[in-house]
Amino acid sequence: MKILISNDDGYQAPGIVALYEALKGLAEVEVVAPEHNNSAKSNALSLHSPLYVHTSHNGFRYVNGTPADCVHIALTGLLGYRPDLVVSGINNGANMGDDTIYSGTVGAAMEGYLFGIPAIAFSQTEKGWAHLEDAGVVAARLVAQLLPSLENGPPSEPWLLNVNIPNRPLADIKGFKVARLGRRHAAEQVIAQTNPRGDTMYWIGSAGKAKDDAEGTDFHATLQGYATITPLQVDLTDHDRLAYWAPTAAGLSTPLPSEAAPVGGAAL
């Protein structure tokens, strides 16, 4: 079995090292990750600048691009084979609720999913890497559980899992729960500062607090001490509202009456 690992915190981040160490005994593992921190890059691809791949002293390969760039390059020529699983993380902080839209960790996993390969994004719920080795053990348990189902080839439909692990000692993690995504309030205010030349610069504010953290959400379950598994999909269609918008589309499809020609053939 072959696993491709990537992340968004960069190839030197403690989280990707811990994930590699946790998974290397389960399969053949290769790392292709960003050269620098690429948090919140989502699914962005670099289309207007060249990308370069280098190899670190520990064998990790790194790319001067986004998380999605790393997985895309790996799957379209760099590796020379198709991995059985794409794993991203372990991220320095939660990717719950609305975070998944912006997350480079999820973006790397999703790139594998878009190529038809099962994929998992792993994150710790708090920043700072506390109990990171324990999070690696939790991640390895899930991967070990899933690998046998991939031994006979990829599933007919790939899956994409978003996993959040509490920053707790292993003995204090109660297990896994399947949970839906919660919701966050809007982000905090943008932070404006003045640079040495007198220009105003802006920093994106912190993520908002949980808005929907009811029972059944990833927010609720992780606070209770569970690692959460949330299956994701790429289809953003609001299927429940297709019928609602149908009359609008139908009305706009009616041919417009021809406008009268300008009197005297005046130039436009």
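Attention in this report is confined to the structure presented alongside it.

Where empty space is left in the structure can be found by rolling a water-sized probe over the atoms. Here the largest pocket defines a volume of roughly 780 Å³. Around the largest pocket sit 29 residues that line it, and A94, D99, R184, S206 and A207 are the ones nearest its centre. Broken down by secondary-structure element, the contributors of at least two residues to the lining of the largest pocket are helix 3 (99-102) and helix 4 (104-114). Its residues assigned to classes, the lining of the largest pocket shows nine nonpolar, 13 polar and seven charged.

In this section: the environment of C70. Here C70 lies in helix 2 (residues 67-78). Distance from C70 to V53, taken between C-alpha atoms, is 8.9 Å for residues 17 residues apart in sequence.

This brings us to the sheet that holds strand 4 (residues 61-63). The strands making up a sheet are joined through hydrogen bonds of the backbone, oriented either antiparallel or parallel. Taken in spatial order, the nine strands make up an open sheet running 3-4-2-1-5-6-7-13-8, and their pairing is mixed. Each edge of the sheet is formed by a strand with only one pairing partner; in this case those strands are strand 3 (53-55) and strand 8 (175-178). If you compare each strand with its neighbour and ignore which way they point, the axes differ by 25° on average. As judged from the four bridges shared by strand 5 (residues 85-91) and strand 6 (residues 119-124), these two strands associate in the parallel manner. Pairing of V87 across the sheet is with I120, part of strand 6.

Turning our eyes to something else, we now look at the pattern of salt bridges. Taken as a whole and judged by the stated rule, the model has six salt bridges. Between E28 and K2 there is a salt bridge, with its nearest N and O atoms 4.0 Å apart. Of this pair, E28 sits in strand 2 (residues 28-34) while K2 sits in strand 1 (residues 2-6); the two residues are 26 residues apart in sequence, bridging distant segments of the chain.

Here is what the cut-offs are and how they apply
For every chain, the first residue of the written sequence is number 1, and numbering continues from 1 onward in sequence order. Where local features are concerned, this predicted model is filtered to residues with pLDDT of at least 70; where side-chain atom pairs are given and counted, the filter is 80 or more; whole-chain, interface and lining totals use all residues. By convention in this description, side-chain values take in all heavy atoms of the structure and omit both hydrogens and water. Only protein atoms enter the 1 Å grid used here. Points where a 1.4 Å probe fits but cannot escape make up a cavity, open sets with protein on both sides within 12 Å along at least five of seven lines make up a pocket, and a residue lines them when an atom lies within 4 Å of a point. Grid points are joined across faces, edges and corners, and a volume is the space filled by probe spheres set on the points. Each helix is a run of DSSP H or I of at least 4 residues and each strand a run of E of at least 2, with the numbering of both proceeding from the N terminus. Gly counts as polar in this scheme, as do all residues outside two lists: the nonpolar Ala, Val, Leu, Ile, Met, Phe, Trp, Tyr, Cys and Pro, and the charged Asp, Glu, Lys and Arg. Strand pairing follows a simple DSSP-based rule, namely that at least 2 bridges must link the two strands. Comment: axis = line fitted to C-alpha atoms, over the contacting stretch for helices; angle = value between 0 and 180 degrees taken between N-to-C directions. Think of a salt bridge as a Lys or Arg side-chain nitrogen and an Asp or Glu carboxyl oxygen that are within 4 Å of each other.

These results come straight from atomic positions and should not be treated as a statement about function.
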